[in-house]
Amino acid sequence: MKIAFDAKRIFSSVSGLGNYSRDLVRILSDFFPENQYVLISKKTSEKGKYLLERKNISHLKTSKGTLSRQLKMGKDAQNEGAHIFHGLSGELPLRWNSKPIKKVVTIHDLIFERYPEYYTWLDRKIHFLKFKKAAESADKIIAISEQTKRDIIHYLKVPESRIEVIYQGCHHAFKESHSDEMIDQVKTKFQLPERFLLNVGTVEPRKNLLNVVKALKGTQIPLVVVGTKKPKYFKLLEKEIKKSKIEVQFLTGVSMDELAVIYKMADIFIYPSYFEGFGIPVIEALFSKTVVITSNTSCLPEAGGPDSVYVDPKNHLDIQAKIKFLWDNESERRRRAEKGFEFVQRFNDEPIAKELMNLYKSLL
């Protein structure tokens, strides 16, 4: 079988959609090496070049021209003899020729519909049209959570029978053990405290870091944050941090391996986002055997499982109570972390790869 992928995100995105795309291709290559996987994009980069070192993965440069991703990429896949084209980030090409090919698209979330205040009118319109068109032309839609599936049905008016929920996993770095030497190196490099609360993700309103800062007032609990800052929201955070007199470290230049070590060092991982399509950081924390506090909304209980601790993201006092409960109870942290590690095995590479391949085969 030859499967072609829209590889833009594989080579352009550092996290999020990029990690999903790279991991999906990697695990298919690992568990189904007999197939050929073709990455189609205008250019490559160091972010995904390691995939091209594998014998069953190749790169195809998109045909030149205006809007080549929308107008040329599909035909390139067909002319390459691909049996399946998989759009990894909610989009499919608009033009195809008469050669047979099956189309699959992954839709991660419809946050632009649920929370329009986070987007401009034009961005919302463009996102909706792209997703709607892709959903209409796809032979099968992959939703990365039951929550996303419900949103696709509601907002895009797609029949449930055309949607398959296939969860995503996370980078293998979070599943590996690390030497004491590396742990000491990371701790020294970033000057981490002995104990700390960890948050990972873009520093923006939807991720709700402001209520974590408010919750930590008066607790003396250090907070470590790893993520890109959105300037306007960050200024708001700085004011609250100064007002609350809490200890916060914002880390930059953190590699994937260093991040995996930081997850393992944290006493608690906190992720009270208002809404997510899936919430990969929750999975990363669970694989790291670190207890999770997250929101009781959207898909986050799907990712966190029965032994994570859930909060009302709008209520900083609820967040504070749950943080203090776990911070002061080592045995409870350990118990929940071990149970969470058992739960998260369902998001491991092999079961996800098998579900993906079963979906592809069902189309042929």
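Now for a description of the structure that goes with this document. (Residues numbered from 1 in each chain as written. Predicted model: local features only at pLDDT ≥ 70, side-chain atom pairs only at ≥ 80, totals over all residues. Heavy atoms only, no water.)

1. Considerations on the overall build of the protein chain
Moving on, step 1. Within the protein chain one finds 17 helices and 13 strands.
Moving on, step 2. A compact globule built from 364 residues should have a C-alpha radius of gyration of about 21 Å, and the protein chain, at 21 Å, falls within 12% of that.
Moving on, step 3. The principal-axis extent of the C-alpha atoms belonging to the protein chain is close to 65 × 45 × 35 Å.
Moving on, step 4. Each of the 364 residues in the protein chain was classed as buried or not, and the buried ones make up 54%.
Moving on, step 5. Long-range pairs, those at least 24 residues apart, make up 66% of the contacts in the protein chain between residues at least 6 apart in sequence.
Moving on, step 6. Taking the average location of the 60 positive side-chain charges in the protein chain and that of its 45 negative ones, the two points are 7 Å from each other. (Helix = DSSP H or I, 4+ residues; strand = E, 2+ residues; numbered from the N terminus. Rg over C-alpha atoms; globule rule 2.2 N^0.38 Å. Buried < 20%, exposed > 50% of the residue type's maximum accessible area, 1.4 Å probe, protein only. Contact = heavy atoms within 4.5 Å. Lys, Arg positive; Asp, Glu negative; His and termini not counted. Charge placed at Lys NZ, Arg CZ, Asp CG, Glu CD.)

2. Here's the deal with the sheet that holds strand 1 (residues 2-6)
Moving on, step 1. The sheet built from 7 strands is open, its strands ordered 3-2-1-4-5-6-7 with parallel pairing. Both edges of this open sheet fall to strand 3 (57-61) and strand 7 (163-165), since each of them pairs with a single strand only. Within the sheet, the average angular offset between the axes of one strand and its neighbour, ignoring direction, is 25°.
Moving on, step 2. Examined bridge by bridge, strand 2 (residues 36-41) and strand 3 share 5 bridges and lie parallel to one another. What sits directly across from Leu39, in strand 3, is His59.
Moving on, step 3. Each of strand 5 (102-107), strand 6 (140-143) and strand 7 is contacted by helix 8 (residues 146-156), which is oriented at about 160° to strand 7, the strand it contacts most. (Pairing = 2+ DSSP bridges. Axes fitted to C-alpha atoms, helices over the stretch in contact; angles between N-to-C directions.)

3. Describing the state of the cysteines
Moving on, step 1. For the coordinates displayed, the defined rule picks out 0 disulfides.
Moving on, step 2. Free cysteine: Cys170, not disulfide-bonded; nearest cysteine sulfur from Cys299 at 15 Å. (Disulfide = S-S within 2.5 Å.)

4. With respect to helix 12 (residues 256-265)
Moving on, step 1. Burial analysis of helix 12 places 7 of its 10 residues in the buried class, which makes it a mostly covered element.
Moving on, step 2. All of the buried residues along helix 12 are Glu258, Leu259, Ala260, Val261, Ile262, Tyr263 and Met265.
Moving on, step 3. Where helix 12 is buried, its residues contact helix 9 (180-189), strand 8 (197-200), strand 9 (223-226), strand 10 (248-251), strand 11 (268-271) and helix 13 (280-287).

5. Re the packing of helix 15 (residues 316-327) against helix 16 (residues 330-343)
Moving on, step 1. Two elements in contact, helix 15 and helix 16, have axes separated by 6 Å at closest approach and are oriented at 100°. Relative to helix 16, helix 15 is oriented roughly perpendicular. Along the contact surface, helix 15 presents Phe325, Leu326 and Trp327, while helix 16 presents Glu332, Arg333 and Arg336.
Moving on, step 2. Tallied by class, the residues present in the contact of helix 15 with helix 16 amount to 3 nonpolar, no polar and 3 charged. (Parallel < 35°, antiparallel > 145°, perpendicular 65-115°, else oblique. Nonpolar A, V, L, I, M, F, W, Y, C, P; charged D, E, K, R; others polar.)

6. Re a nonpolar patch on the surface
Moving on, step 1. The grouping of Trp121, Leu122 and Ile126 at the surface amounts to a nonpolar patch, some 340 Å² of accessible area in total.
Moving on, step 2. In this fold, Ile126 is placed in helix 7 (residues 121-137). (Patch = residues over 30% accessible without salt bridge, like charges linked within 9 Å, V, L, I, M, F, W, Y side chains within 5 Å. Areas by Shrake-Rupley, 256 points an atom, 1.4 Å probe, with all protein chains shown as cover. Salt bridge = Lys/Arg side-chain N within 4 Å of Asp/Glu carboxyl O.)

7. So, the packing of aromatic side chains
Moving on, step 1. Summed over the entire model, instances satisfying the criterion amount to 14 aromatic pairs.
Moving on, step 2. Aromatic side chains Tyr263 and Phe269 sit 5.3 Å apart centroid to centroid with 50° between the ring planes, which places their arrangement in the tilted category. Side by side, Tyr263 and Phe269 carry an identical accessibility label, which is buried.
Moving on, step 3. With a centroid separation of 5.8 Å and an interplanar angle of 20°, the aromatic rings of Phe269 and Tyr271 are classed as stacked. In terms of burial, Phe269 and Tyr271 fall into one category: buried. (Phe/Tyr/Trp six-rings, centres within 6.5 Å; stacked < 30°, edge-to-face > 60°.)

8. Points about the nonpolar core
Moving on, step 1. Counting 62 residues, the largest nonpolar core has Phe5, Leu198 and Tyr360 as the members making the most contacts within it.
Moving on, step 2. At 7 residues, the largest contribution of residues to this core is made by helix 17 (residues 349-363).
Moving on, step 3. Among residues more than four places away in sequence, those in contact with Phe5 are Leu24, Val25, Leu28, Tyr37, Val38, Leu39, Ile40, Phe85, His86, Leu88 and Tyr360. (Core = buried A, V, L, I, M, F, W, Y, C linked by side-chain atoms within 4.5 Å.)

9. What about the packing of helix 2 (residues 17-31) against helix 17?
Moving on, step 1. The geometry of helix 2 relative to helix 17 is characterised by a closest axis approach of 9 Å and an angle of 85° between their N-to-C directions. By the criterion of interaxial angle, the relationship of helix 2 to helix 17 is roughly perpendicular. Where helix 2 approaches helix 17, its residues Leu24, Arg26, Ile27, Leu28 and Phe31 are matched on the opposing element by Asp349, Glu350, Ile352, Ala353, Leu356, Met357 and Tyr360.

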